[in-house]
Amino acid sequence: MKYAGQVQETLLSWNWPADLLRMEKDFGEVRDDSNRVVHRGLRVKMGIGYGYPYYSMPHPTTGRADYFGPIVNAVARVKEVAKPGQILVLLKSKEDKKRMKTDAIIKRYENKGFELTKLGKHELRGVGRCALAELAPEHRRLGLGDVGHHTTLDVKKMVMEKTKTAGTRALNYLEAAENYILK
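Residues numbered from 1 in each chain as written. Predicted model: local features only at pLDDT ≥ 70, side-chain atom pairs only at ≥ 80, totals over all residues. Heavy atoms only, no water.

Close approach of charged atoms lets side chains of opposite charge pair. On inspection of all chains with the given rule, the structure shows 5 salt bridges. Across the pair Arg40 and Glu29 runs a salt bridge whose closest N-O atoms are separated by 3.7 Å. Linking Arg40 in the loop between strand 2 (37–39) and strand 3 (46–48) with Glu29 in the loop between helix 2 (18–21) and strand 1 (30–31), this pair joins segments that are 11 residues apart in sequence. The class of Glu29 is partly exposed, set by a relative accessible area of 41%. (Salt bridge = Lys/Arg side-chain N within 4 Å of Asp/Glu carboxyl O. Helix = DSSP H or I, 4+ residues; strand = E, 2+ residues; numbered from the N terminus. Buried < 20%, exposed > 50% of the residue type's maximum accessible area, 1.4 Å probe, protein only.)

With 4 bridges connecting them, strand 4 (residues 55–58) and strand 5 (residues 65–68) associate as antiparallel partners. Along strand 5, the bridge assignment pairs Pro58 with Ala65. Between strand 4 and strand 5, which pair antiparallel in sequence order, lie 6 residues; one of them, Gly63, sits at a positive phi of approximately 80°. (Pairing = 2+ DSSP bridges.)

Our next topic: the nonpolar core. Residues Met1, Ile48, Ile87, Val89, Leu91, Leu116 and Leu135 are the most contacted members of the largest nonpolar core, which totals 20 residues. Only helix 1 (2–13), strand 3, strand 6 (87–93), helix 4 (102–110) and strand 8 (128–135) provide two or more residues apiece to this core. Each residue touching Leu116, except ones within four places of it in the same chain, is listed here: Val89, Leu91, Ile106, Tyr109, Glu110, Ala133, Glu134 and Leu135. Grouped together as the second largest cluster of nonpolar side chains are 11 residues, Ala82, Leu88, Leu90 and Leu124 included. (Core = buried A, V, L, I, M, F, W, Y, C linked by side-chain atoms within 4.5 Å. Contact = heavy atoms within 4.5 Å.)

A word on the environment of Thr102. Secondary-structure assignment places Thr102 in helix 4. When the C-alpha positions of Thr102 and Lys118 are compared, they lie 7.9 Å apart, and in sequence the two are 16 residues distant.

What follows is about helix 1. End to end, helix 1 covers 16 Å across 12 residues, agreeing with the expected 16 Å (1.5 Å per residue, within 8%). For helix 1, the buried fraction is high: 10 of the 12 residues fall into the buried class. Along helix 1, the residues classified as buried are Ala4, Gly5, Gln6, Val7, Gln8, Glu9, Thr10, Leu11, Leu12 and Ser13. (Expected span 1.5 Å × (residues − 1).)

Further remarks concern the side chain of Arg40. Relative accessible area serves as the criterion here: at 4%, Arg40 is assigned to the buried category. Within polar-contact distance, the side chain of Arg40 engages the backbone oxygen of Trp14 at 2.7 Å. (Polar contact = N/O pair within 3.5 Å; in protein donor to acceptor, adjacent residues only side chain to side chain.)

This brings us to the confidence of the model for the protein. Scored by pLDDT, the protein comes out at a mean of 75, with 69% of its residues at no less than 70. Low pLDDT (under 50) marks residues 142–166, which in the prediction has 39 contacts with non-local residues, meaning those over four places away or in another chain. (pLDDT = per-residue confidence, 0-100.)

Here is the key point about a regular strand: its side chains alternate between the two faces of the sheet. Of all 8 residues in strand 8, 7 are buried; the element is thus mostly enclosed. With 8 bridges joining them, strand 7 (residues 116–124) and strand 8 adopt antiparallel strand pairing. When the bridges of strand 8 are listed, Lys118 appears paired with Ala133. Between the end of strand 7 and the start of strand 8, which pair antiparallel, lie 3 residues, with Gly126 showing a positive phi angle near 80°.

This is the structure we're talking about:
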């Protein structure tokens, strides 16, 4: 969950080309009721779930791990229903062996520093009825969006301080996306 939040933070704060930001419908700046920036630039849908895949094998083209099993399919469906820029978390489904109350699950993650908003139960294609929550990225909790956006250097520093590996991956993806857009 921390990595997903960091990716959304980095996307919000990235120094996007002005031409891209002028495309208001999909990439322009969006502010909440408190006038904080909540979306800016590229918006990525994210789905999170917990469980173990049945198996993994190297992808034939990339060689990276490719995972298979019900949890992988469930998370794909969760991501499918997310809005661009939103992080949805699969809290539980009928197949969960330990069926905790949704509020207890949310409380457990709040104690670890995550802010989750309960979204109720939703029917997901091929998965069934599942309890979902939205993860609020740090900029919504800490007010980092109040001033607009940070410079790319500030973001690199913030992300790298949090987790070096996650920060490096997120920045590599952003630089590749920016290079693709500018072509």
